[in-house]
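Here is what each chain is made of, one letter per residue.
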Protein chains: 2
Amino acid sequence: MELDDRKRKILLAIIQNYQDTGEPVGSRTISKMDDLNYSPATIRNEMADLEEMGLIVQPHTSAGRVPTDKGYRLYVDHLLTSDETALATNGAQHPATHMEQLLSKRMDRVEEMLMRMAQVLAANTQYTTMVTGPHYKQNKLKFIQLSAMGGGKILAVIVLNGNIVKNNILDIGADVDQETLSRLNFSLNNNLNGLSVEEINLPLITKVKEEAGEYADVAMRILDAVAGAFDKEDSMPVYTSGATNIFKYPELADNEKISNLIDVLEEKKELGTALGVVSPDGSKQDIQVYIGDEVPVESMKDCSVVTATYQMGEGVQGKIGIIGPRRMDYQKVVETLKATMSQLDGIFKKPEE
Amino acid sequence: MELDDRKRKILLAIIQNYQDTGEPVGSRTISKMDDLNYSPATIRNEMADLEEMGLIVQPHTSAGRVPTDKGYRLYVDHLLTSDETALATNGAQHPATHMEQLLSKRMDRVEEMLMRMAQVLAANTQYTTMVTGPHYKQNKLKFIQLSAMGGGKILAVIVLNGNIVKNNILDIGADVDQETLSRLNFSLNNNLNGLSVEEINLPLITKVKEEAGEYADVAMRILDAVAGAFDKEDSMPVYTSGATNIFKYPELADNEKISNLIDVLEEKKELGTALGVVSPDGSKQDIQVYIGDEVPVESMKDCSVVTATYQMGEGVQGKIGIIGPRRMDYQKVVETLKATMSQLDGIFKKPEE
DNA sequence: TGTTAGCACTCAAACGCATAGAGTGCTAAC
DNA sequence: GTTAGCACTCTATGCGTTTGAGTGCTAACA
């Protein structure tokens, strides 16, 4: 069966009407539209065809039609490939402007900015937003700074490129005198600075341990801490906002479903999965749309998820995801994300020279 | 009207039965209990009295009775003053043991431990838990460590007593040579270490600025960062867990109420209010129970909140709160909190000598 | 004087049933 | 190819009835 222009128009009309109302849409509603001036019967014939093609379904006999995942997929693919979204981006200017104000405030901490960003996106889209902190797998060690804390403790501050700072308090039992600490600190920086975690290999580790002499244990503890700083799990906090927006969509208003969904959002367990793997090639404007069953997290299979990858320079990147009902306004969400991404691109590039 | 022993027993029976079932409890149910071997009619007379005293109500005529806030208040006050809870604490040993395992793992970061603690408490009690990070108002500066980061940036690591570490990246425009930085660092530590934020007064600030010479601006920026490290808002993250437990209690199953509640929990706005002011005297086992309307947060007025203060040594303290339905098992919650508090006391005291 | 049996009464929740209405598929005519 | 007409389906809504739990009151009993 061919998907001719009229069928496409009708599908679009169904999707848009369903987006607004959340109710199955009937043939009469469509036939009343300006650019589809046919009788309900005609529309019905077309609808029957669309149903046969698997693009729409009726929840029950004598109900209107609702788009299927496949129908949405068609729509979304069209949306992502066309230039319309790029042109229509002025519609999303409002949130973008707000975002600029937000980002122009002094924000030493990336984390706080990301949290705020999640909030703004949730408020703008009326959907639930999740944002992962930046992901440093490809990152390199900038330097290490050791300080004695007294009480047999050492503070090891580990700084990675992209100005990622991690603190580790190491309890090594006995105090170390300042000179030894400086020597150890120098050795570590001398051997390891500028390296990625993969480049810190056994020969290097052995060398550091040798140079540390009787403090080989301490050096080892610090190396563990360095590995920890690069660690994915640890460096992937996820911020969410607008979880309660899902209450706005009656089709999700099943207490068990909502409960499961909020549980995932609160405990932040599977959100990494939901946001998908960060693409290693770092291709620009990498926007992904998961519709219904396509979402890789069980408790989100009644929703759709749109994700985008943001770049923080130096190969550091993270993900933003927007969770909404299947009938989410994909156009608006994609536009908003695109606008946000380009905003972020501009902002993150500046401070890094 | 006198609250004699039999009335008290009946009130207790109503509270306990309502706790289990969530349904209003009738006279027949009570009369079937072993230690209240009276006819339903007798019980009804007593119930009428209890109602007159404002301790119980009927949701409507021909329904059983439900405890009022006042009824719960009586019960809870009795609970908190009696020795029963202390004796019955072995009932709460299970969670306590679990907690010990949890805390014995290496946990450099207090934050992670608090998060886990919230999770364990939520799982044990089946209620929602919130935990504030420690509160450092009375805290003192341990030391400052400055490092050059290149690109006109300085990393200022600020360490407070209690091993609280704060990172600040300061963009000062131009790079500072290592020697100047060391001198500045020495001056700061020399003048400020061991002081509380109140003790860092204008003469001291002037002195630091003088010593910094042409880098007075930078010194000022660092002092701002120090003030920020002491700042209450900043150092008060709140962790929540088990938000979805509220779905378990049908009396809260109003979508709007749930939505409001979860919103507060997710955005973590009013949770400080809900947890109440940290008592300055730091009295031991400071357990507070807010019942229904007593809760100072609007969206929690259909719930009860039990809070406890934990001590982290050196005057640093934080709060734990448990949110549940009015018919919460106060006894279990109070016991669990008491047990957790004493566990924490033990653990936090050890590492600080 | 406290306790109990009996009884009429109330009210929310559950149930059954009829109705309305939205929407369809099919057929036949234009 | 399009449309009017019609019978049909199924959900949602409303309404009256029934059920059952629980009460308050009164009168009798110990």
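An account of the accompanying structure is given in this report. Nothing here was measured: the structure is a model prediction, and the numbers come from that model.

Notes on the overall build of chain A
Secondary structure assignment for chain A yields 13 helices and ten strands. Here chain A, with 353 residues, has 52% of them falling under the buried criterion. Across chain A, every contact between residues at least 6 apart in sequence was considered, and the portion connecting residues at least 24 apart equals 59%. Summing over all exposed atoms, chain A offers an accessible surface of approximately 16200 Å²; the carbon and sulfur share of this is 49%.

Observations concerning the protein's contact with DNA strand C
Every one of the 19 residues lining DNA strand C counts as a neighbour, but A:Ser27, A:Arg65, B:Arg6, B:Thr42 and B:Ser62 are closest to it. Taken together, the sugar and phosphate atoms account for 71% of what DNA strand C places within 4 Å of the protein. Here A:Ser27 contributes a side-chain N or O atom positioned 2.6 Å from a phosphate oxygen of DNA strand C. Between B:Ser62 and DNA strand C, the recorded distance is 3.2 Å, taken from a side-chain N or O atom to a base oxygen. Its residues placed into classes, the surface near DNA strand C shows four nonpolar, eleven polar and four charged.

Thoughts on the pattern of salt bridges
Counted by the stated rule, this structure contains 22 salt bridges over all chains. For A:Arg73, the salt bridge goes to A:Asp77, with nearest N and O atoms at 3.0 Å. Taken as a pair, A:Arg73 and A:Asp77 lie in helix α4 (residues 69–81) at a separation of four residues, close to a single helical turn. For A:Arg73, a relative accessible area of 23% puts it in the partly exposed group. Here B:Arg65 ties to B:Glu51 by a salt bridge, and the two come within 2.8 Å at their closest N and O atoms.

Quick word on the relation of the copies chain A and chain B
Taken as rigid bodies, chain A and chain B are interconverted by a rotation of 180° and an axial shift of 0.1 Å, the fit giving an RMSD of 0.2 Å. Look at the turn and shift together and you get a two-fold axis relating the two. Residue A:Glu266, judged by its C-alpha, is the member of chain A lying nearest the rotation axis, at 3.7 Å. Most of the interface of chain A is mirrored in chain B, where 100% of its interface residues again form contacts.

Points about the packing of helix α1 (residues 5–21) of chain B against helix α4 (residues 69–81) of chain B
Residue and element names in this part refer to chain B. It is the contact of α1 with α4, at a shortest axis distance of 11 Å, that shows an interaxial angle of 105°. One element, α1, and the other, α4, form an angle in the roughly perpendicular class. Counted together, Leu-11, Leu-12, Ile-15 and Tyr-18 of α1 and Gly-71, Tyr-72, Leu-74 and Tyr-75 of α4 form the full contact between these two elements. Looking at the contact of α1 with α4 residue by residue, the classes come out as seven nonpolar, one polar and no charged.

Looking at the sheet that holds strand β3 (residues 128–132) of chain A
Residue and element names in this part refer to chain A. Reading across from one edge, β7-β3-β10-β9-β8 is the order of the five strands in this open sheet, with antiparallel pairing throughout. Each edge of the open sheet carries a strand with a single partner, namely β7 (238–241) and β8 (288–291). Each strand axis lies, on average, 15° off the axis of its neighbour in the sheet, ignoring direction.

Quick look at the packing of aromatic side chains
Scanning all chains against the criterion turns up six aromatic pairs over all chains. Between B:Tyr72 and B:Tyr330, the ring centres sit 5.3 Å apart and the planes meet at 55°, which makes this aromatic pair tilted. With a gap of 258 residues between them, B:Tyr72 in helix α4 and B:Tyr330 in helix α13 (residues 330–349) connect regions that are remote in the sequence. The exposure class of B:Tyr330 is buried, given its relative accessible area of 0%. Among the aromatic residues, those joined into a cluster by ring pairs are A:Tyr72, A:Tyr75 and A:Tyr330. Its end group placed over the ring of A:Tyr38, A:Arg6 keeps NZ or CZ at 4.4 Å from the ring centre.

Things to note about the protein's contact with DNA strand D
Taken together, 19 residues lie near DNA strand D, and A:Arg6, A:Thr42, A:Ser62, B:Ser27 and B:Arg65 sit nearest. Backbone sugar and phosphate groups make up 71% of those atoms of DNA strand D lying within 4 Å of the protein. A:Arg44 places a polar side-chain atom, nitrogen or oxygen, 3.4 Å from a base oxygen of DNA strand D. Within the side chain of A:Ser62, a nitrogen or oxygen atom sits 3.2 Å from a base oxygen of DNA strand D.

Observations concerning the pairing of β7(A)
All names here are of chain A. The two faces of β7 match: Val-238 and Thr-240 on one face and Tyr-239 and Ser-241 on the other face are all buried. Judged from the four bridges that link them, β3 and β7 form a sheet pairing that is antiparallel. Directly across from Thr-129, in β7, lies its bridge partner Ser-241.

Examining the pairing of strand β10 (residues 317–325) of chain B
All names here are of chain B. Of all the nine residues making up β10, nine are buried; the element is thus mostly covered by neighbouring parts of the structure. As paired elements, strand β3 (residues 128–132) and β10 share four bridges and run antiparallel to each other. Across the sheet, Thr-128 pairs through a bridge with Ile-323, a residue of β10.

Structural notes on the sheet that holds strand β4 (residues 141–150) of chain B
Residue and element names in this part refer to chain B. In spatial order, the strands read β4-β5-β6; together these three strands make up an open sheet with antiparallel pairing. Two strands bound the open sheet, and with one partner strand each, they are β4 and β6 (164–171). Strand-to-strand, the axes of this sheet are offset by a mean angle of 20°, without reference to chain direction. Pairing of β4 with strand β5 (residues 153–160) involves eight bridges; the strand directions are antiparallel. Paired with Phe-143 across the two strands is Val-159, which belongs to β5.

Some points on unusual backbone geometry
All names here are of chain B. Even without a glycine there, the phi angle at Ser-62 is positive, about 65°. When you line up the elements, Ser-62 lands in the loop between β1 (56–57) and β2 (66–67). The exposure class of Ser-62 is exposed, given its relative accessible area of 71%. One non-glycine residue, Lys-268, lies in the positive phi region at around 55°. Along the polypeptide, Lys-268 turns up in the loop between α11 (255–267) and α12 (271–275). A relative accessible area of 35% places Lys-268 in the partly exposed class.

Thresholds applied
- Residues numbered from 1 in each chain as written.
- Chains lettered and ligands numbered in written order.
- Predicted model: local features only at pLDDT ≥ 70, side-chain atom pairs only at ≥ 80, totals over all residues.
- Heavy atoms only, no water.
- Helix = DSSP H or I, 4+ residues; strand = E, 2+ residues; numbered from the N terminus.
- Buried < 20%, exposed > 50% of the residue type's maximum accessible area, 1.4 Å probe, protein only.
- Contact = heavy atoms within 4.5 Å.
- Areas by Shrake-Rupley, 256 points an atom, 1.4 Å probe, with all protein chains shown as cover.
- Near = heavy atom within 4 Å.
- Polar contact = N/O pair within 3.5 Å; in protein donor to acceptor, adjacent residues only side chain to side chain.
- Nonpolar A, V, L, I, M, F, W, Y, C, P; charged D, E, K, R; others polar.
- Salt bridge = Lys/Arg side-chain N within 4 Å of Asp/Glu carboxyl O.
- Least-squares fit on C-alpha atoms with pLDDT ≥ 70 in both.
- Axes fitted to C-alpha atoms, helices over the stretch in contact; angles between N-to-C directions.
- Parallel < 35°, antiparallel > 145°, perpendicular 65-115°, else oblique.
- Pairing = 2+ DSSP bridges.
- Phe/Tyr/Trp six-rings, centres within 6.5 Å; stacked < 30°, edge-to-face > 60°.
- Lys NZ or Arg CZ within 6 Å of the ring centre and 35° of its normal.

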